[in-house]
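Here is how the chains run, residue by residue.
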Amino acid sequence: SGESSETGDTTSLKLINNSNIPIYILYVVPNTSSSWGNNQLSKNVEVGDSYTLSKIPCNRYYNLRIEGPNGATLNSLDQYLQCSQPYIWNIISIS
């Protein structure tokens, strides 16, 4: 057993906010989903902070989206989350 607390069928996503805007909302939904579901953050991710979401069912595609103040979408992507590899989402610049 290693340092990871994840079991074999889940993974984690680490959101790192290296942008200049706080992140208020993180959506993580299977790419087959028709809605964005619930905000996955239990607290805002301030500039320079990070947040780790764990126990995500893995080896499948997800739609990821983050929003800042006023509900503005800051970034979104379609990402394959692997079981053995925690995903690091480093937010650098907000266009």
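Residues numbered from 1 in each chain as written. Predicted model: local features only at pLDDT ≥ 70, side-chain atom pairs only at ≥ 80, totals over all residues. Heavy atoms only, no water.

Caption draft 1: Structural context of the pairing of strand β6 (residues 87-91). Of the two faces of β6, only one is covered, namely that formed by Y87, W89 and I91; the face formed by I88 and N90 stays uncovered. Here strand β1 (residues 10-17) runs beside β6; their pairing, made up of 5 bridges, is parallel. When the bridges of β6 are listed, I16 appears paired with N90. (Buried < 20%, exposed > 50% of the residue type's maximum accessible area, 1.4 Å probe, protein only. Helix = DSSP H or I, 4+ residues; strand = E, 2+ residues; numbered from the N terminus. Pairing = 2+ DSSP bridges.)

Caption draft 2: Examining the sheet that holds strand β2 (residues 25-30) more closely. Spatial strand order, β2-β4-β5: 3 strands in an open sheet with antiparallel pairing. Looking at the sheet topology across the chains shown, the edges are occupied by β2 and β5 (73-81). Each neighbouring strand pair of the sheet contributes to a mean axis angle of 15 degrees, computed without reference to strand direction. Where strand β4 (residues 60-67) lies against β5, 8 bridges are found, and the strand directions are antiparallel. Bridge assignment links I66 to a residue of β5, and that residue is N75. (Axes fitted to C-alpha atoms, helices over the stretch in contact; angles between N-to-C directions.)

Caption draft 3: Just the environment of I56, in detail. Take I56: it is sitting in strand β3 (residues 50-57). Not counting chain neighbours up to four residues away, the residues in contact with I56 comprise D9, T10, T11, S12, L13, Y62 and L81. (Contact = heavy atoms within 4.5 Å.)

Caption draft 4: How the structure looks around the environment of I91. Following the sequence through the fold, I91 ends up in strand β6. The buried category is assigned to I91, whose relative accessible area is 1%. Considered as a pair, I91 and N17 are 74 residues apart in the sequence and their alpha carbons are 5.1 Å apart. With sequence-adjacent residues up to four places away left out, I91 is seen in contact with L15, I16, N17, N18, S19, I23, I66 and N75.

Caption draft 5: Representation of unusual backbone geometry in the model. Residue K55 is not a glycine yet carries a positive backbone phi of 60 degrees. As for its placement among the helices and strands, K55 is situated in strand β3. Despite not being glycine, N70 shows a phi value in the positive range, around 65 degrees.

Caption draft 6: View of the environment of P69. As for its placement among the helices and strands, P69 is situated in the loop between β4 and β5. Classification of P69 as partly exposed rests on a relative accessible area of 27%. With near-sequence residues (within four places) excluded, P69 lies in contact with I21, P22 and Y24.

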